[in-house]
Amino acid sequence: MATDTPTTPPAASTARSAELFERARGVIPGGVNSPVRAFKSVGGAPRFMVRGEGPRLYDADGNSYIDYIGSWGPLILGHAHPQVTAAIAEALARGTSFGCPTELEIEMAELVCEAVASVEVVRMVNSGTEAAMSILRLARGATGREKIIKMDGGYHGHADSLLVQAGSGVATLGLPDSPGVTGGTTADTITVPYNDLASVEGAFGEHDGQIAAIIIEPIAGNMGCVPPAEGYLQGLRDLTSKHGALLIFDEVMTGFRVGFGGAQTLYGVKPDLTMFGKVIGGGLPVGAYGGRRDLMEQIAPAGPIYQAGTLSGNPIAMTAGLATLRILRDGGAGDGGAGSVYEALEASGAALAAGLAEAALEAGIEIYQTRVGSMSGMFFQSGPVGDFASAKLSDTDRYAKFFHGMLAEGVYFAPSQFEAAFISAAHAESDIEQTIAAARKVMKTM
Ligand code: KE4
């Protein structure tokens, strides 16, 4: 859905946002309900948004922004997509939650199983964190093993056992990365560098027979966007199969984002279990986990491994998710032709990346770009970036200057060098062109 891009007013006041931030900090930790929103790593005060439409966000001071966050991934169709909002409005009239099974949940489960070949059975939860907690409990319960391997720089939500310090470059046993997380809960979490098969082999060598699973973002999106090296994911598949461990893909960010079948379909690697979130909720709180039937049927009440949730499979969230996924499956405005949305997203992603590269070259600024479809990264360094250690070599001060310069030009990138950028199907060519023009202007000042 292309939109005529209204001209962005000159960087007007942000007084109302500043006032709201002051008020928020009196009653909400740090003034926000999720840390990254507070602009801590780029400095300055967050903009309080009042509305989103298509590719744009509108803040409390009346400024508008071309949005490359999309609520951190869910809004692949853009803000307030008419078919999604209409479906939600219609569902609302029937009530918001029943605490009983509904056909909507079956339709969602059937759609996810149809889209992702490795998923035979799926359970809805309310966030990616909840999906991660549940999937690890399942992996440990099903294998009878206690240790898990995660990647340095990999993020799977804030469940205790996953809040471990980044490793020291090889397989390191987990030390808590937050007060309140006990050594006991992270003792069984081994961290290894992303894109490094040897360190995984080493971990299995050291802890053979004790490792329940590897949990990984098949395309890392929380160290900036870092795609898997050639053969890496298949290497993990071979190692987990060889050592009787499970392979878990965290597709909360990549699921239905980089293709209708997610990263696993794109790279042709079949995990045992997969987590979902973001896009499958169409902007409402949804997470999910699923995979092999023999594993998933060990989840209560089918099996003994407990997991529950008051609002899991909520009818309004299912409605928003189903409306979104059906448009992605059927293409464009639901006019048939599977994949046409993804083709458009690929074209937009490529155009933005090329424009940013040109702007950086013109300004004599070194950047290292990564991209998979409509999910991308731009590291302020010469690269290459293949893992968290190399990502951290980026010039984060320069990123902060870029972020604020673009914000003043009405373009909203993530307020952190270590996040991904997302394009939606609502971003028109004119939005991409406006973004590139702004980047050319801003990069010259950095
Ligand atoms: P939630 O619990 O925030 O729904 O999902 C956690 C999660 C799990 N797995 C992956 C790959 C994720 O990217 C996330 C959450 N992503 C962050 C952005 N990098 C959400 C933004 C935020 O924390 O506010």
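Q: Account for empty space enclosed by the protein, with residues named and values stated.
A: Overall, the coordinates contain 1 cavity of 30 Å³ or more when judged by the stated rule. Taken as a whole, the largest cavity encloses approximately 30 Å³ of empty space. Grouping the amino acids of the lining of the largest cavity by side-chain chemistry returns 4 nonpolar, 2 polar and 1 charged.

Q: Give me the domain arrangement of the protein: which residues, what numbers.
A: Segmentation of the protein into domains returns domain 1 (15-81 + 338-443) and domain 2 (82-329). Contacts between the two partners involve 30 residues from domain 1 and, on the opposite side, 36 residues from domain 2. Together, the buried faces of domain 1 and domain 2 total about 2600 Å²; carbon and sulfur atoms form 67% of this surface. Counting across the interface, domain 1 meets domain 2 through 0 salt bridges. Counting the contacts that link domain 1 with domain 2 gives 11 residue pairs in polar contact (both at pLDDT 80 or more). Looking at the side of domain 1 that touches domain 2, the elements with two or more residues in it are helix H11 (340-363), strand S12 (368-372), strand S13 (375-379) and helix H12 (388-391). Residue contributions to the side of domain 1 that touches domain 2 peak at 4 residues, all from S13. Of the residues in the side of domain 1 that touches domain 2, the class split is 19 nonpolar, 9 polar and 2 charged.

Q: Give me the sheet that holds strand S15 (residues 421-422): which residues, what numbers.
A: In space, the 3 strands of this open sheet follow the order S12-S13-S15, with antiparallel pairing throughout. Two strands lie at the open edges of the sheet, namely S12 and S15, each paired on one side alone. Pairing analysis gives 5 bridges linking S12 to S13, with the strands arranged antiparallel. Within the sheet, the bridge partner assigned to Arg371 lies in S13 and is Ser376.

Q: Kindly report on the site of the ligand, identifying the contributing residues and their values.
A: In the region of the ligand, 16 residues are neighbours, and Ser34, Thr129, Asn222, Asp250 and Glu419 sit closest. At a separation of 3.4 Å, a nitrogen atom of the ligand approaches a polar backbone atom of Tyr155. Within the contact set of the ligand, a nitrogen atom lies 2.4 Å away from a side-chain nitrogen or oxygen of Asn222. When the ligand is considered free in solution it has 540 Å² of accessible area, and contact with the protein chains removes 85% of it. Here the residues of the shell around the ligand are counted per class, giving 5 nonpolar, 7 polar and 4 charged. Counting the residues that make up the shell around the ligand, at least three belong to each of domain 1 (15-81 + 338-443) and domain 2 (82-329).

The rules behind the values
- Residues numbered from 1 in each chain as written.
- Predicted model: local features only at pLDDT ≥ 70, side-chain atom pairs only at ≥ 80, totals over all residues.
- Heavy atoms only, no water.
- 1 Å grid on protein atoms, 1.4 Å probe; cavity = no way out; pocket = protein on both sides within 12 Å on 5 of 7 lines; lining within 4 Å.
- Points joined across faces, edges and corners; volume = space filled by probe spheres on them.
- Nonpolar A, V, L, I, M, F, W, Y, C, P; charged D, E, K, R; others polar.
- Domains from an automatic or database assignment.
- Contact = heavy atoms within 4.5 Å.
- Buried area = accessible area lost by both parts, 1.4 Å probe.
- Salt bridge = Lys/Arg side-chain N within 4 Å of Asp/Glu carboxyl O.
- Polar contact = N/O pair within 3.5 Å; in protein donor to acceptor, adjacent residues only side chain to side chain.
- Helix = DSSP H or I, 4+ residues; strand = E, 2+ residues; numbered from the N terminus.
- Pairing = 2+ DSSP bridges.
- Near = heavy atom within 4 Å.
- Areas by Shrake-Rupley, 256 points an atom, 1.4 Å probe, with all protein chains shown as cover.

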